[in-house]
Amino acid sequence: MSTAAAGTQGRRRRGGRRHRPMSEINMTPFIDVMLVLLIIFMVAAPLLTVGVPLDLPQTTAAALNVDKQPLKVSVAKDGKIYLMETPIKLDEIVPKLQAVAKTGQEERIYVFGDDTIAYGRVAEVMATITAAGYKRVALVTAPAQKK
């Protein structure tokens, strides 16, 4: 046995075992961050809903699988027309769509009509849009509730 090895066994190294790195997650800051994020999402979630509040007619049609957000034209209970959330007149629909549409006449446009509005008003809006050359126009309904 060497004398160097025998001499270091009895000594304690400075700052030895007391100051090892922690291998466990400190949960208190983690929980604090999660609670703050929860509060932020609870406040921000209602603001994420975009559109005019409507009561859509119910059908049994399946939901569409869409990759990107379409343009939304809504007809409210009082007959007013909205492009996204901006109120517009019927004769302003085509110029506003041309200004907003990124892919031109290939842009997907959804028409929302309130359940209580006359179908003729919704058909008039759709006819104006399709007469301008837009081919991807769809009428949106709510899924039927199961009884």
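The rules we used
- Residues numbered from 1 in each chain as written.
- Predicted model: local features only at pLDDT ≥ 70, side-chain atom pairs only at ≥ 80, totals over all residues.
- Heavy atoms only, no water.
- Helix = DSSP H or I, 4+ residues; strand = E, 2+ residues; numbered from the N terminus.
- Buried < 20%, exposed > 50% of the residue type's maximum accessible area, 1.4 Å probe, protein only.
- Contact = heavy atoms within 4.5 Å.
- Areas by Shrake-Rupley, 256 points an atom, 1.4 Å probe, with all protein chains shown as cover.
- Salt bridge = Lys/Arg side-chain N within 4 Å of Asp/Glu carboxyl O.
- Pairing = 2+ DSSP bridges.
- Axes fitted to C-alpha atoms, helices over the stretch in contact; angles between N-to-C directions.

Undergrad: Looking at this structure, I do not really get the overall build of the protein. What am I missing?
TA: The secondary structure content of the protein amounts to four helices and seven strands. When burial is assessed residue by residue, the protein has 23% of its 147 residues classed as buried. Partitioning the intrachain contacts of the protein with sequence separation of at least 6 by distance along the chain shows that 70% fall at a separation of at least 24. Surface exposure of the protein reaches about 11,600 Å², of which carbon and sulfur atoms provide 58%.

Undergrad: Help me understand the pattern of salt bridges in this model?
TA: A side chain of one charge can pair with a side chain of the opposite charge if their charged atoms are brought near each other. By the definition in use, this model includes one salt bridge. In this structure, R121 engages E124 in a salt bridge whose closest nitrogen and oxygen atoms are separated by 3.3 Å. Taken together, the positions of R121 and E124, both in helix α4 (residues 119-131) and three residues apart, correspond to about one turn of that helix. Using a relative accessible area of 37% as the deciding quantity, one classes E124 as partly exposed.

Undergrad: What's the story with the sheet that holds strand β4 (residues 86-88) in this structure? I'm lost.
TA: The pairing of strands in a sheet happens through backbone hydrogen bonds and is either parallel or antiparallel. Taken in spatial order, the five strands make up an open sheet running β4-β3-β2-β5-β6, and their pairing is mixed. Strands at the two margins of the open sheet, each flanked by one partner only, are β4 and β6 (137-140). Taking the axes of each pair of neighbouring strands and ignoring which way they run, one obtains an average angle of 30 degrees across the sheet. Two strands pair when backbone bridges link them, and strand β3 (residues 81-83) and β4 are joined in this way by three bridges, in the antiparallel orientation. Its bridge partner lying in β4, Y82 is registered against P87. Helix α3 (residues 93-100) rests against β2 (71-75), β3, β4 and β5 (109-113) of the sheet, and its axis sits at about 15 degrees to β3.

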